[in-house]
Amino acid sequence: EIESRGKLGNVSYFAFTATPKHKTFELFGEKLPDGKYKAFHLYSMRQAIEERFILDVLRNYTTYKTYFHMLKIIEDDPNYDRKKATRLLRNFVDLKEHTIDKKVRIIVEHFNSYVKDKIPDNNGLGHAKAMIVTRSRLHAMKYKIAMDKYLRENGYSYKALVAFSGKLRDEYGIEHSESEMNGFSDKQTVSEFEKSENKFLIAAEKFQTGFDQPLLYAMYVDKILSGIAAVQTLSRTNRVYPNKEEPLILDFANDADDIQHSFEP
């Protein structure tokens, strides 16, 4: 209807986006002499962080390799709880490629040590949640199976939900879907994740953009990310909430410099 009327002098169009694509700049931005485009008006991520409208997701961003070396150093530090460091190190094994089972063990123990008590209420009870970003639907399904097994065998009360589209078969030929694995309709995943016992959300594409859950404090990344996709994914954790500090991100798949480069624009 609007396009059929052509360009009208009394109508203005505005686009609001946190992660503008090049096409958005062309449509709504201003053309520079060098042929590039800039935003008509800019409220930067940096300014939004300084004014506490969002949290800085890169402040506590750590690659697995860096975190592993940190634990090694901490283990020999007399000012640190050596018993705790040693226990954590047992879950980190080495720097070689990890199976999903080993990554699940690392994630759960990291969450239990550093995340579970975050976003405390007036009684000191932590309400922090975590998202695990996987590289495919098949990986998400395998993470869910491994996570349920590890939590059950180690007596943790935490529960994990999974989010992926369609149906998949495991190596035994058993068919799995998001609703079947979670035990309720996929339309309820967002509302069910709000429940206190559901601490982990295992995602494959779904919920990497637009998902708004202020209690999401930690993210475990097992997928190569770059550009706008990196910014959109990590920014799931940037919502402010009472007693919420800057979020924690542990990345198994990316290089810190590449992630920083994605956020620079």
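The rules behind the values
- Residues numbered from 1 in each chain as written.
- Predicted model: local features only at pLDDT ≥ 70, side-chain atom pairs only at ≥ 80, totals over all residues.
- Heavy atoms only, no water.
- Core = buried A, V, L, I, M, F, W, Y, C linked by side-chain atoms within 4.5 Å.
- Buried < 20%, exposed > 50% of the residue type's maximum accessible area, 1.4 Å probe, protein only.
- Helix = DSSP H or I, 4+ residues; strand = E, 2+ residues; numbered from the N terminus.
- Contact = heavy atoms within 4.5 Å.
- Axes fitted to C-alpha atoms, helices over the stretch in contact; angles between N-to-C directions.
- Parallel < 35°, antiparallel > 145°, perpendicular 65-115°, else oblique.
- Left-handed = near helix turned anticlockwise from the far one by under 90°.
- Nonpolar A, V, L, I, M, F, W, Y, C, P; charged D, E, K, R; others polar.
- Pairing = 2+ DSSP bridges.
- Right-handed = clockwise from strand over helix to strand, strands pointing away.
- 1 Å grid on protein atoms, 1.4 Å probe; cavity = no way out; pocket = protein on both sides within 12 Å on 5 of 7 lines; lining within 4 Å.
- Points joined across faces, edges and corners; volume = space filled by probe spheres on them.
- Salt bridge = Lys/Arg side-chain N within 4 Å of Asp/Glu carboxyl O.

Q: I'd like a rundown of the nonpolar core, residues and numbers included.
A: Among the nonpolar cores identified, the biggest contains 38 residues, and Met 147, Phe 200 and Tyr 220 are the most heavily contacted of them. Of all the elements in the fold, those that place two or more residues in this core are helix H3 (64–75), helix H5 (100–115), strand S4 (129–134), helix H6 (137–153), strand S5 (159–163), strand S8 (198–203), strand S9 (216–222) and strand S10 (248–251). Residues within four places of Tyr 220 in sequence aside, it is in contact with Ile 107, His 110, Phe 111, Val 115, Ala 130, Met 131, Ile 132, Val 133, Leu 250 and Phe 252. Counting residues in each nonpolar core, the second largest holds 23 residues, with Phe 184, Phe 211, Met 219 and Leu 234 among its members.

Q: Describe the packing of H5 against H6, with residues and values.
A: H6 packs onto H5 with a crossing angle of 60° between their chain directions and a minimal axis gap of 9 Å. Relative to H6, the element H5 is oriented oblique. Crossing angle aside, the handedness with which H5 passes H6 is right-handed. Residue-level inspection shows Ile 100, Asp 101, Lys 103, Val 104, Arg 105, Ile 107, Val 108 and Glu 109 of H5 in contact with H6, the latter providing His 139, Lys 142, Tyr 143, Ala 146, Met 147, Tyr 150 and Leu 151. Per-class residue counts for the contact of H5 with H6 are 9 nonpolar, 1 polar and 5 charged.

Q: Any chance you could break down the pairing of S9 for me, citing the residues and the numbers?
A: Remark: a regular strand shows side chains that alternate across the two faces of the sheet. Most of S9 is tucked away, with 7 of its 7 residues classed as buried. With 6 bridges connecting them, S4 and S9 associate as parallel partners. For Thr 134, the partnering residue across the bridge sits in S9 and is Asp 222. As paired elements, S9 and S10 share 4 bridges and run parallel to each other. Paired with Met 219 across the bridge in S10 is Ile 249. Traced from S9 through helix H9 (residues 227–234) to S10, the parallel crossover comes out right-handed.

Q: Any details on the pairing of S10? Residues and values, ideally.
A: In S10, alternate side chains face the same way, and those of Leu 248 and Leu 250 on one face and Ile 249 and Asp 251 on the other are all buried. The pairing of strand S3 (residues 61–63) with S10 spans 3 bridges and is parallel. In the sheet register, Thr 63 faces S10, and the bridge partner there is Asp 251.

Q: Mind laying out the packing of H9 against helix H10 (residues 256–263), listing which residues take part and the relevant values?
A: Look at H9 against H10: their axes get within 8 Å of each other, and the N-to-C directions meet at 95°. Judged on the interaxial angle alone, H10 and H9 are roughly perpendicular. Touching Gly 227, Ala 230, Val 231 and Leu 234 of H9 are Ile 259, Ser 262 and Phe 263, all from H10.

Q: Run through the sheet that holds S5, naming residues and quoting values.
A: Read across the sheet, 6 strands follow the order S3-S10-S9-S4-S8-S5 without closing on themselves; strand pairing throughout is parallel. Strands at the two margins of the open sheet, each flanked by one partner only, are S3 and S5. Between one strand and the next, the sheet's axes are offset by a mean angle of 20°, whatever the strand orientation. Contacts between H6 and the sheet are confined to S4, S5, S8 and S9, with S5 contributing the most and set at about 170° to the helix.

Q: Could you give an account of the layout of surface pockets, with specific residues and numbers?
A: Put simply, the second largest pocket is a space of about 310 Å³. Every residue lining the second largest pocket is counted, 13 residues in all, and those nearest its centre are Asp 101, Lys 142, Ile 145, Ala 146 and Lys 149. Residue assignment for the lining of the second largest pocket shows that the elements contributing at least two residues are H5 and H6. Broken down by element, the lining of the second largest pocket gets its largest block of residues, 6 residues, from H6. Within the lining of the second largest pocket, the residues separate by chemical class into 6 nonpolar, 1 polar and 6 charged.

Q: Talk me through the pattern of salt bridges; I want residue IDs and the actual numbers.
A: With the rule as written, the count across this model stands at 14 salt bridges. In this structure, Asp 222 engages Arg 135 in a salt bridge whose closest nitrogen and oxygen atoms are separated by 2.7 Å. One end of the pair, Asp 222, is in strand S9; the other, Arg 135, is in the loop between S4 and H6, and 87 residues separate them in sequence. A relative accessible area of 2% places Asp 222 in the buried class. Note that Glu 192 is salt-bridged to Lys 195, the shortest N-O span being 3.1 Å. Looking at Glu 192, the relative accessible area reads 13%, which means it is buried. If you follow the salt bridges from partner to partner, you end up with Arg 52, Arg 59 and Glu 246 in one network.

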